[in-house]
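# Observations on the three-dimensional arrangement
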Amino acid sequence: MADAADFQGTSASPARRWLRRTGALLAGAPLLAGMLQLPAAAPADAAGQEAPQAAAGAGSVAVAVDSLTPTAPTEEDTVNVQGTVTNNGKQAVTDAHVDLRVGPSLDTRSSIDALAKKSDDVQGPAGKAVGGKYSEKFPKLTPGVAEPFSISVPADELDLGPDGVYQLAVALSGETSAQPWDQVLGVQRTFLPWQPEDAGTKTKTTFMWPLTSTVHMTAETGSNEQQTPVFRNDDLADEIAPGGRLDQMVSLGKGLDITWVIDPDLLASVDAMTRNYEVRGEDGTTTAGRNQAVAKQWLAELQQAVTGKEVVALPFGDPDLASLAHNGTNVTGSLSHLKEATDAVDNTVPTILHMKPSTDFAWPVDGAVDPSIVKVATSAGADKVIARSDSLQDNLSYTPSAARPVGGGTTAVVADSKMSTAFQGNLTKASASTRAVQRFLAQSLALGLQTGKQRSVVVAPQRMPSVSQAQAMAEALATLQSGNWAESQDLADAAKAKPDPSANTKVPPASAYPSSLRNQELLRSGFEQIATTQGKLDSFKVILTDQSRVVTPFGRAMNREMSTSWRGRGVAAVGYRDGVESYLNGLTDGVKLIEKSETKLSGRSATIPVTVQNNLVQGVEHLKLRLTSKNPTRLKISDAAYEEQRVTVNGGHSQSVKFTTSANANGRAEVVAQLYTEDGQKYGAPVTFDVRVTEVTATVMLVIGGGVLLLVLAGFRMYTQRKRAAAREADEDGTAEADADSDSPQSPVGAPQNPEAPGDRLEQETEAGPRAEGPEQPSDPAPDTAAESADPSGTGERVDR
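Residues numbered from 1 in each chain as written. Predicted model: local features only at pLDDT ≥ 70, side-chain atom pairs only at ≥ 80, totals over all residues. Heavy atoms only, no water.

Attention now moves to a negative patch on the surface. Taken together, the side chains of E76, D156, E157, D159 and E197 make up a negatively charged region of the molecular surface. Tracing the backbone shows D159 in the loop between β6 (146-154) and β7 (164-175). Take D159: its relative accessible area is 47%, and that puts it in the partly exposed class. (Patch = residues over 30% accessible without salt bridge, like charges linked within 9 Å, V, L, I, M, F, W, Y side chains within 5 Å. Areas by Shrake-Rupley, 256 points an atom, 1.4 Å probe, with all protein chains shown as cover. Salt bridge = Lys/Arg side-chain N within 4 Å of Asp/Glu carboxyl O. Lys, Arg positive; Asp, Glu negative; His and termini not counted. Charge placed at Lys NZ, Arg CZ, Asp CG, Glu CD. Helix = DSSP H or I, 4+ residues; strand = E, 2+ residues; numbered from the N terminus. Buried < 20%, exposed > 50% of the residue type's maximum accessible area, 1.4 Å probe, protein only.)

A few words on the pattern of salt bridges. Inspection of every chain in the model, using the stated rule, returns 22 salt bridges. Ionic pairing is found between E220 and R280, a salt bridge with its closest N-O pair at 2.5 Å. Of the two residues, E220 is situated in strand β10 (residues 217-221) and R280 in strand β13 (residues 278-280); the sequence distance between them amounts to 60 residues. A relative accessible area of 22% means that E220 is categorised as partly exposed. A salt bridge links D320 to R567, with the nearest nitrogen and oxygen atoms 2.7 Å apart. Here D320 is found in the loop between β15 (310-313) and α8 (321-328), whereas its partner R567 is found in the loop between α18 (548-561) and α19 (570-588), with 247 residues between them in sequence. Taking the relative accessible area as the measure of exposure, R567 reaches 11% and is therefore buried. Taken together, the salt bridges that share partners define one network made up of D113, K418 and R439.

Residues F540 and L625 are the most contacted members of the largest nonpolar core, which totals 73 residues. Once residues within four sequence positions are removed from consideration, F540 is found in contact with V550, L584, L587, T588, L616 and Y683. Within the second largest apolar cluster, 66 residues are counted, among which are V270, V311, V345 and L445. (Core = buried A, V, L, I, M, F, W, Y, C linked by side-chain atoms within 4.5 Å. Contact = heavy atoms within 4.5 Å.)

Attention now goes to the packing of aromatic side chains. The tally for this structure, following the rule as stated, stands at six aromatic pairs. Pairing F423 with F440 gives two aromatic rings, centres 5.2 Å apart and planes at 45°, and the pair type is tilted. Of this pair, F423 sits in the loop between α12 (417-420) and α13 (430-448) while F440 is found in helix α13, placing the two residues 17 residues apart along the sequence. The same class applies to F423 as to F440, namely buried. Through successive ring pairs, a cluster of aromatic residues spans F207, W209, F423 and F440. Between R626 and the ring centre of Y642, over which it is positioned, the NZ or CZ distance is 4.5 Å. The cationic tip of R626 hangs over the ring face of Y676; the distance from NZ or CZ to the ring centre is 4.4 Å. (Phe/Tyr/Trp six-rings, centres within 6.5 Å; stacked < 30°, edge-to-face > 60°. Lys NZ or Arg CZ within 6 Å of the ring centre and 35° of its normal.)

Together, L709, L710, V712 and L713 make up an exposed nonpolar region whose accessible area comes to about 410 Å². Relative to the helices and strands, L713 resides in helix α20 (residues 698-741).

Cis rather than trans, the peptide bond between T69 and P70 has omega equal to -15°. As for its position among the elements, P70 is in the loop between β1 (61-69) and β2 (78-87). Unlike most non-glycine residues, D318 shows phi in positive territory, near 50°. Within the secondary structure layout, D318 lies in the loop between β15 and α8. If you check the backbone angles, H354 has positive phi at about 60° while not being a glycine. For H354, a relative accessible area of 60% puts it in the exposed group.

Looking now at α18. With 14 residues, α18 should reach 20 Å at 1.5 Å per residue; the first-to-last C-alpha distance of 20 Å fits that figure. Within α18, ten of the 14 residues are buried, leaving the element largely enclosed by the surrounding structure. Of all the positions in α18, only R549, V550, P553, F554, G555, A557, M558, N559, R560 and E561 are classed as buried. Those residues of α18 that are buried lie in contact with β10, α6 (264-273), α9 (334-343), α17 (524-541) and α19. (Expected span 1.5 Å × (residues − 1).)

The sheet contact formed by strand β24 (residues 605-614) and strand β28 (residues 654-663) spans nine bridges and is antiparallel. The residue of β28 that forms the bridge with T607 is T660. Here three bridges tie strand β26 (residues 635-637) to β28, and the two strands are oriented antiparallel to one another. By the bridge assignment for β28, K636 is matched with S662. (Pairing = 2+ DSSP bridges.)

Glancing now at the sheet that holds β13. Reading across from one edge, β10-β11-β13-β14 is the order of the four strands in this open sheet, with mixed pairing throughout. Each having just a single partner strand, β10 and β14 (286-288) make up the two edges of the open sheet. Across this sheet, the average inter-strand angle for adjacent strands is 35°, counted without regard to direction. Packed onto the sheet, α6 meets β10 and β11 (229-231) and runs at close to 110° relative to β11. (Axes fitted to C-alpha atoms, helices over the stretch in contact; angles between N-to-C directions.)

Take the pairing of β15 next. Judged by which residues are buried, β15 turns out to be covered on both faces: E310 and V312 on one side and V311 and A313 on the other are all buried. Pairing analysis gives four bridges linking strand β12 (residues 259-262) to β15, with the strands arranged parallel. The residue bridging T259 from the neighbouring strand is E310, located in β15.

It is worth spelling out the sheet that holds β6 at this point. Strand order in the open sheet formed by three strands is β1-β2-β6, and the pairing between neighbours is antiparallel. The open sheet has two free edges, formed respectively by β1 and β6, since each of these has just one partner strand. Neighbour-to-neighbour, the strand axes of the sheet open up by a mean angle of 20°, direction not taken into account.

So, on to the packing of α13 against helix α14 (residues 467-482). Packing of α13 against α14 leaves a shortest axis separation of 9 Å and a crossing angle of 35°. Taken as a pair, α13 and α14 cross one another with a handedness that is right-handed. Contact with α13, carried on its side by S433, V437, F440, L441 and S444, involves A472, E475, A476, T479 and L480 of α14 and no other residues of that element. (Left-handed = near helix turned anticlockwise from the far one by under 90°.)

In this model α13 runs 27 Å from its N-terminal to its C-terminal C-alpha over 19 residues, within 8% of the 27 Å that 1.5 Å per residue would give. Burial analysis of α13 places 16 of its 19 residues in the buried class, which makes it a mostly covered element.

Of the residues in the chain, 82% reach a pLDDT of 70 or more, and the chain-wide mean stands at 84. Contacts of residues 1-58 to residues separated by more than four positions or lying in other chains number 89 contacts, the stretch itself having pLDDT below 50. Within the model, the stretch residues 740-801 combines pLDDT values under 50 with 32 contacts to residues more than four positions away or in other chains. (pLDDT = per-residue confidence, 0-100.)

Here you go:
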C-alpha cells in the first residue's frame, strides 16, 4: 500500500552536515563502548541514556504542546516549543523537568499514523533527550494545576539526520513520594518535518478551499415587485460577520495559493442579504433583516480574494450526489433537478463574482464513489469526479498522482485521504491544532520522499471547516507553500496530469460504499416529496401571467432540498421540505372558487353565476371553468351535462362567470364547478352546490288564467252597470227639467237634494284618478321600485341565493 511506502530517492544532506555528524559519531565511540559495559541496573539519569524507564505511575501528568515554531525548520532556525504540563495525579511531583527528545525518522506514512494514535503513551520510546540547558525545571507540580513551559533550541542542536520526518517528543520526568526516583510521568509526541534544502523533485499539491454553508433561504418571497426574500434564520450573518466562519475562510484563503470550491447558493444567499430581506422567527413572524453592510463587505472581500485564482463551482445547493444515485434515480424528475442546479451556476457566479468558474468537477460526500455515483455525478455535464484514496484504493508501495481515467471519458481526481482528513475534529485547543498541522506536514513530506518521480496530489478537506479548522489549514498551507518539498497546482492541472499506469482505475462496487455514509443519505421518500412539489408547481405555473416570480424561487428551493448539508440533520430536512410544499399550497389556493349555498331556480331557464377569486398579486389565465349537472334530466347546463368557459382574473380581483341553465322538472339537482388548466388538468378543489328547481306547471297556469278571466268578467259587469246608471241619471234630469218648467217649487219631502247615483263616485275616480291629497313635495320619498320596463328581464335576475 502507498501508506506503507519506504523512503526512496532521498536527497543527500550537505557535505558540511555530513562531516559534522560523522565527527560527532567518532568522538562518541569510546563513550558508547563504556556505556555498553555498564551494568543493567544503571541509574535512570545516567549520561547518554535514552528516556528513563516509565514507572508504574506513568501518565499521571498531561503534556500539551500548544505551539511549535517554525513548523518545518531549517538549519538556521531555532525551534520553539511551548505548552503546559498538568499534574492529574493525587500526589505532588517534585524535581520535575521538561525535556525535548528526538526520536528516529519515520520511514513510512503508516508509521506517522501509528505514532499519532499513541502520541501520549509513556510506555513507548520517546527518543534521546536534547538535555543540557534546553530543559525547563519545576521544583513541584501541584495536583490539578497547569504549569506553562517554553523551550527553545537551535535546529543544529537537535542533531537531525537525512531529510525526513522525525519524532519530536516533549517529556515530563519527576518523582513522587510513593516512587522517589526520576521517571517519565507524561509525554506528548509530535512530528518535525526536516527538509532544510530544496527537494530535487517537488510534489505538486492542490488544496481545495471550500465555501459552502447550510440552507438559509426559503421559497417564500414578498408580494412586492422586488420579491423580498425570506430567510429561515439570520445564522448566515453570523458566519460572514468579522470573525465568523466564512469570514475567516475568505480572510485566510486570500493569502494562499488554493483552488476555491464554491456553492452558488451561498453566493446567492449573501447577495440577497445586500438588499432588503426578511427573517422568519421561531414564532412564524418575519422581521426585516439588518445585515446588508456585512453582506456587502463579505462579497467585496471574496471578489478580491478570487481575482486571478481558480474557482470551481458546485451545482446550486451542493446536491447530495450519493443520495441521488442510491435513492433518487428511480423517482421521476430527480436527475432533472441536478441539471437545473448545474445550469443555475451561469446565472449566479459570473454575476456576483464577475468571473467564469469551472463546472467540470463533481464532488461526492467524502470522495466516496461507486459506479452509480460516478454515473449520476457526470449526468449533468461534469466529466471529472473528485474521489478519495480511501475509496478508490491503490495497492502500491507509493502514492500515485491524483488523476486517473475510470472509463466513459470520466477522470477520477483522487484526493489523498490522510492529508484530506488531517484537520477534522475539535481543533479549538491549541495543542490539537498544533498536532494537526504537524501531522499534515509530515504526511506531505513523507509522500514526497517515497520516490524521485514528480506527482500531483490533491487535498479535499471537509466541506464546512470550523474557524479553528480553517486556521489550522491556513497555517499548514503557509508552511507547505513556502517550504522546500512542495509546489502549488490548480485543480484543473492536477486533473490533466499524466496518470500513473499502475494506479487503480476500477471504481469500487456499491457494496464497498461506507455504511456510515449511507445511513446519513436522503431517503427515497424525500425525493418523492420533491417530485410531488414539482408536480404542484407545474400545475400552478401554467395559469400565471408571470411564471418567473414562482418558478425561480421554488426551483432553487427544491435544489436546496437535495443539499449535502442535510446529512445528519434528517428532521430539519423534512421540516424544510414541508415548509416549501406548504407555501406552494398556499399560493395555489390563492386562486379558487367561492363556495355557493343552495340556489333556487324559478322558471324553465335562468343563469347561474360562479365566482373565481384570485388572491395573488399577478393575474391568472389559461384557466377553464366547467359547470356540470349531476342530474341532467332535471337540470341542463347550456343544453348539455356541462359547459366550459375560459377564465382570466387580474391579481387581487374576483370574476363571476355565468352559465345558462334549463329545467325539465321540479326538485333538487347537484351541480359541480371545477377549474381546469388548458391541458385538461384539474386545478384546485371543486365547489358542489344544489339547485332547487321550482318550475311553473300547467295546472298553475290554468289557475292563473281562470283568475284573469274572472277579473275581466268583473270589469265588464262594472262597465255595464255604469252605463245603465248613466242612462237612468239622464232620464231623471229630463223629468226634473220638466217639473221646473211646470213651476214646481221643491222636491218631494224626504228626497235628497242633488242625489248621486251609486256608480257615479266609482266612475269619477276611475276617470280622474284618486282624489288628490295636495301637491307633491320635493321631499316626498321616491317609489321603492323603478318603473317597469317592457324589455325582457336579465337572465341572472331569476336566480336566488
